[in-house]
Amino acid sequence: KAGVTQTPRYLIKTRGQQVTLSCSPISGHRSVSWYQQTPGQGLQFLFEYFSETQRNKGNFPGRFSGRQFSNSRSEMNVSTLELGDSALYLCASSTPGYQTQYFGPGTRLLVL
Amino acid sequence: AQSVTQPDIHITVSEGASLELRCNYSYGATPYLFWYVQSPGQGLQLLLKYFSGDTLVQGIKGFEAEFKRSQSSFNLRKPSVHWSDAAEYFCAVGVRAGGTSYGKLTFGQGTILTVHP
């Protein structure tokens, strides 16, 4: 089976812009979670989607949003980018009920 | 809310030496426990997981971990380290179905492993 894929892998944006990141889960996985990884804060949970519904949300401002499509693919959007949004954004997929999350390679976002 | 502590930020070992990375968690019930490894610029790779049953779990690449409920610990071990094991290691806790944070993993701050030849 193909693993979790994320596009794009690298992105450079300027402050105030918005960005959309994409995640395709492992085939058959219906749950997708997003995490932000920074040197200062480590790995922090953003949100989790299952069957196109957000089931859980971390402690991030409303500028961070996401959605999931009927084929389980997910996108996350960050509006009005700030310098502090520079991070590695990781997507993970899992089968319901098992909590074993498999991670993609991440999208490296740099905000200038 | 659950939390994870990895007391060692950086560990250096010689190739061939044994390794133990520490992980302590805080959670009101028996959690799901995981160890992940991350090479520079890469995503997280699952090494092993504990859900229930035998408290000593085997993972990939020769790693094992032992769940000790009395100590709220889930330490990762390897009897003989290889240079390719140099990476950052993360311990994580997940919530069982029905928990309010279901679907979320809480990670420790990570331990960077350096391997000397």
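Each remark here, short or long, concerns the structure printed above.
What comes next is a walk through the structure. (Residues numbered from 1 in each chain as written. Chains lettered and ligands numbered in written order. Predicted model: local features only at pLDDT ≥ 70, side-chain atom pairs only at ≥ 80, totals over all residues. Heavy atoms only, no water.)

1. Notes on the environment of Q2 of chain B
All names here are of chain B. This is how the line gets drawn: By the criteria applied, helices consist of DSSP H or I runs no shorter than four residues and strands consist of E runs no shorter than two, each listed in order from the N terminus. Counted as a polar contact is a pair of N or O atoms within 3.5 Å, where, for protein atoms, one must be capable of donating a hydrogen and the other of accepting one, and residues adjacent in sequence contribute only when both atoms are in side chains.
Structurally, Q2 can be placed in the segment before β1 (3-5). Along the backbone, Q2 and L56 are 54 residues apart, and their C-alpha atoms lie at a distance of 22 Å. A distance of 3.4 Å separates polar atoms of two side chains, one belonging to Q2 and the other to T106.

2. Quick word on the pattern of salt bridges
Residues and elements named next belong to chain A. Our working rule: The working definition used for a salt bridge is a side-chain nitrogen of Lys or Arg within 4 Å of a carboxyl oxygen of Asp or Glu. Buried residues are those whose accessible area, probed at 1.4 Å on protein chains only, stays under 20% of the maximum for their type, while exposed residues exceed 50% and partly exposed ones sit between those limits.
In the structure shown here, the tally under the stated rule is nine salt bridges over all chains. Here E75 makes a salt bridge to R67, at a shortest N to O gap of 3.3 Å. Classification of R67 by relative accessible area gives partly exposed; the value is 47%. Between R73 and E75 there is a salt bridge, with the nearest N and O atoms lying 3.3 Å from each other. Under the relative-accessibility criterion, R73 is labelled partly exposed at 24%. Connected through salt bridges with shared partners, the residues R63, E82 and D85 form a single ionic network.

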